[in-house]
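Understanding the architecture of this molecule
Take a look at the letters that make up each chain.
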Amino acid sequence: MDLINMFLNLVAPPFTFFTLLFLLPPYQALKCFLSLLTFVFHENVAGKVVLITGASSGIGEHLAYEYARRGAYLALSARRENRLRSVADRALELGAPDVIAVRADVSRVDDCRRFVEEAVNHYGRLDHVVNNAGISHVCMLEEVDDVTNLRPVMDINFWGSVYTTRFAAPHLRNTGGKIIALSSSAWWLTLPRMSIYNASKAAMFALFETLRVEFAPEIHITIVTPGFIESELTQGKYLAKDGKLTLDLDIRDAQVGIVPVQRVDACARAIVNGACRGERYVTEPKWFRVTYWLSVVVPEVIDWTYRMLYMTSPGEPAYEAFTKKILDMTGAHRVLYPETIQTPEIKTD
């Protein structure tokens, strides 16, 4: 066994290099051709049934609006029933033929089962399932006295997607449907103070990459890896170290820093376009794709940048981070952040 591995250590790198050298150009040409075909002959979701978790705000809310404009039937879930009903009413105004809104907590397996069953019983089918529900936290791991306070991050972000997908999968097989999984660029851009959130999104990415093989060819999967998008997360809503939801614009500024925040409606439109074209991955804003290659090629530079911009001295609060000071000195947030996240007028429910 050792000799075999030694042989592969010597042979595999040059073999892979020369194989890619000859095969990569025609492979990429084929992909471009197929991409053009899907751009022209993309899926029409009018009359199809779309299930969206975490639809009461942010990306989930605007995905509901985007699908509604295209004539899809909607099944929406979230924990905030009043807010969810407002989104459902707006979706009807935008063109959705019918919308059902179901209060559900995706961290509870029974809620996920009930939500999927209500959608299927109401419409008789499922065509798209959007695993969007998510929550973030902002704190160093060593600052947390009771680490189980951060368990909701994994329960909602990861297990909520597992539960919903498990119950929806048989119905999607019947229709040749699609799963849209909202992971995050945080699985490769691992910002400090967000360790469990980053891990939950990495777990989501690995989960749906595996399910892509297990569910093929009946179910297609699009994995979405957004950067910073206009939402409650970039408004400063997060889980604190004591396990309570908190609103703090100063901490938000320290975490988002001098990175531009994309408007949520543009992000939602790109996600639905990508899903309808059958794309494997959607990254918004598109320039964030570059950061993946930077994390692979020069990981030490990424680490150094994080330490310089985001880390503070021991005992200093997070809002003393250098990136926050740049924002305060230059007023750059007025250019980099949409108006909706510049003020503290945030939904607190």
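Now for a look at the structure at hand. (Residues numbered from 1 in each chain as written. Predicted model: local features only at pLDDT ≥ 70, side-chain atom pairs only at ≥ 80, totals over all residues. Heavy atoms only, no water.)

Considering a nonpolar patch on the surface
Put simply, the rule reads: Every patch collects residues that have over 30% relative accessible area and no salt bridge, joining them within 9 Å if they carry like charges and within 5 Å if they are nonpolar side chains (Val, Leu, Ile, Met, Phe, Trp, Tyr). Surface accessibility in these figures is a Shrake-Rupley result with a 1.4 Å probe; residues are shielded only by whichever protein chains are displayed. A side-chain nitrogen of Lys or Arg and a carboxyl oxygen of Asp or Glu constitute a salt bridge if their distance falls within 4 Å. Numbering of helices and strands starts at the N terminus; helices are DSSP runs of H or I of at least 4 residues and strands are runs of E of at least 2.
A cluster of nonpolar residues, M1, L3, I4, M6, F7, L8, L10, V11 and F15, forms a patch on the protein surface that exposes about 1,000 Å² of accessible area. Along the polypeptide, F15 turns up in helix α1 (residues 2–40).

Some details on the packing of helix α2 (residues 58–69) against helix α9 (residues 264–276)
The line we're drawing: Interaxial angle, 0 to 180 degrees, is taken between N-to-C directions of lines fitted to C-alpha atoms, where a helix line uses only the stretch in contact. In what follows, roughly perpendicular refers to angles from 65 to 115 degrees, roughly parallel to angles under 35, roughly antiparallel to angles over 145, and oblique to any angle outside these ranges. When the near helix sits turned anticlockwise from the far one by under a right angle, the crossing is termed left-handed; a clockwise turn instead gives a right-handed crossing. Whether two residues are in contact is decided by their heavy atoms: any pair within 4.5 Å suffices. Three categories are distinguished: nonpolar for Ala, Val, Leu, Ile, Met, Phe, Trp, Tyr, Cys and Pro, charged for Asp, Glu, Lys and Arg, and polar for the others, with Gly belonging to the last.
It is at 8 Å that the axes of α2 and α9 come closest, and there the two elements cross at 60°. Our classification of the angle between α2 and α9 gives oblique. Of the two possible hands of crossing, α2 and α9 adopt the one that is right-handed. Where α2 abuts α9, its residues G58, I59, H62, L63, E66 and Y67 lie against V264, D265, C267, A268, R269, I271, V272 and A275. In the contact of α2 with α9, the residues fall into nine nonpolar, two polar and three charged.

Here's the deal with the nonpolar core
Using the following cut-off: Only buried Ala, Val, Leu, Ile, Met, Phe, Trp, Tyr and Cys residues count toward a nonpolar core, and they belong to the same one when joined by side-chain atoms within 4.5 Å. Three labels apply to residues, based on accessible area from a 1.4 Å probe with only protein chains included: buried if under 20% of the type maximum, exposed if over 50%, partly exposed otherwise in between.
Grouped together as the largest cluster of nonpolar side chains are 60 residues, with contacts concentrated most on L51, L126 and F208. Residues within four places of L126 in sequence aside, it is in contact with V49, L51, V116, A119, V120, A168, H171, L172 and T175. Of all hydrophobic cores here, the second largest spans 33 residues; its members include V50, A78, V130 and C267.

Overview of the side chain of S183
To be explicit about the condition: Contacts described as polar in this section are N or O atom pairs within 3.5 Å, which, within protein, must combine one atom able to donate a hydrogen with one able to accept it, while residues neighboring in sequence count only if both atoms come from side chains.
When you line up the elements, S183 lands in the loop between β5 (178–182) and α6 (195–215). Assessed through its relative accessible area of 4%, S183 is described here as buried. Among the polar contacts listed, one links the side chain of S183 to the backbone oxygen of K201, at a separation of 2.9 Å. Apart from the residues lying within four places of it in its own chain, the contact partners of S183 are K201, M204, F205, I223, V224, T225 and P226.

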